[in-house]
Amino acid sequence: MNKVFESTTKKIFLSSWVSVHQAEIDNANVTQLQASHSQPDWKFIRPLRNWLDDLKVSDRQIAHRLCKYIPAQCPFERDVKLFGKVLFHIPPMCKLNPVYEEVVGLRFRAMCYLADECGEDISQYC
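Residues numbered from 1 in each chain as written. Predicted model: local features only at pLDDT ≥ 70, side-chain atom pairs only at ≥ 80, totals over all residues. Heavy atoms only, no water.

Participant: Let's hear about helix H4 (residues 60–69): which residues, and what values?
Facilitator: Every buried residue of H4 is listed here: Ala-63, Leu-66 and Cys-67. An end-on view of H4 places all buried positions within 95 degrees of arc, on one side of the element. Away from its buried face by more than 90 degrees, H4 exposes Gln-61, Lys-68 and Tyr-69. Those residues of H4 that are buried lie in contact with helix H5 (100–117). (Buried < 20%, exposed > 50% of the residue type's maximum accessible area, 1.4 Å probe, protein only. Helix = DSSP H or I, 4+ residues; strand = E, 2+ residues; numbered from the N terminus. Arc of directions from axis to C-beta. Contact = heavy atoms within 4.5 Å.)

So this is what it looks like as structure tokens:
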């Protein structure tokens, strides 16, 4: 399969008048740019992130508390208005939190537990 892929990509590159060597250099540059713009992997936070990912929701009261205290949307995102016109927009700052994805995942697991296991209506948390 690898040979089929290589021959196909060579034909595509040759037919578009781009040399294979130049395309490989461009791909390497794109990979370096993506690596430089990705989020930093803070190793000291990794245990906390793993712990949050591994938490299992198995208590109804705890699930209700998690859904209540973890907001569905970022509470910091705002439109600043004056006389009905938007002056500026404050973007969601939650994305800067290094454990944001894990906390949102925990809230989702709590909502799923309440809906699937307990059979409760979770529309109040949406």
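That shown, we press on.
Participant: Before we move on, could you go through the packing of helix H3 (residues 46–54) against H5 and cite the residues and values that matter?
Facilitator: Two elements in contact, H3 and H5, have axes separated by 9 Å at closest approach and are oriented at 10 degrees. With respect to H5, the element H3 is oriented roughly parallel. Only Glu-102, Val-103, Leu-106 and Arg-109 of H5 make contact with H3, whose side of the interface consists of Arg-49, Leu-52 and Asp-53. Taken together, the residues that form the contact of H3 with H5 break down as three nonpolar, no polar and four charged. (Axes fitted to C-alpha atoms, helices over the stretch in contact; angles between N-to-C directions. Parallel < 35°, antiparallel > 145°, perpendicular 65-115°, else oblique. Nonpolar A, V, L, I, M, F, W, Y, C, P; charged D, E, K, R; others polar.)

Participant: Hey, could you go over unusual backbone geometry for me, with residue numbers and the actual values?
Facilitator: Even without being glycine, Phe-83 reaches a positive phi, approximately 55 degrees. Note on placement: Phe-83 falls in the loop between strand S1 (78–82) and strand S2 (85–90). Since its relative accessible area comes to 80%, Phe-83 is described here as exposed.

Participant: Can you explain the pairing of S2? Please cite residues and give values.
Facilitator: Alignment of S1 against S2, held across five bridges, turns out to be antiparallel. When the sheet's bridge partners are listed, Asp-79 is paired in S2 with His-89. Two successive antiparallel strands, S1 and S2, enclose a turn made up of two residues, where Phe-83 displays a positive phi of approximately 55 degrees. (Pairing = 2+ DSSP bridges.)

Participant: Just give me the short version of a nonpolar patch on the surface, but keep the residues and values in it.
Facilitator: A surface patch of nonpolar side chains, amounting to about 490 Å² of accessible area, comprises Leu-82, Phe-83, Leu-87 and Phe-88. Relative to the helices and strands, Phe-88 resides in strand S2. (Patch = residues over 30% accessible without salt bridge, like charges linked within 9 Å, V, L, I, M, F, W, Y side chains within 5 Å. Areas by Shrake-Rupley, 256 points an atom, 1.4 Å probe, with all protein chains shown as cover. Salt bridge = Lys/Arg side-chain N within 4 Å of Asp/Glu carboxyl O.)

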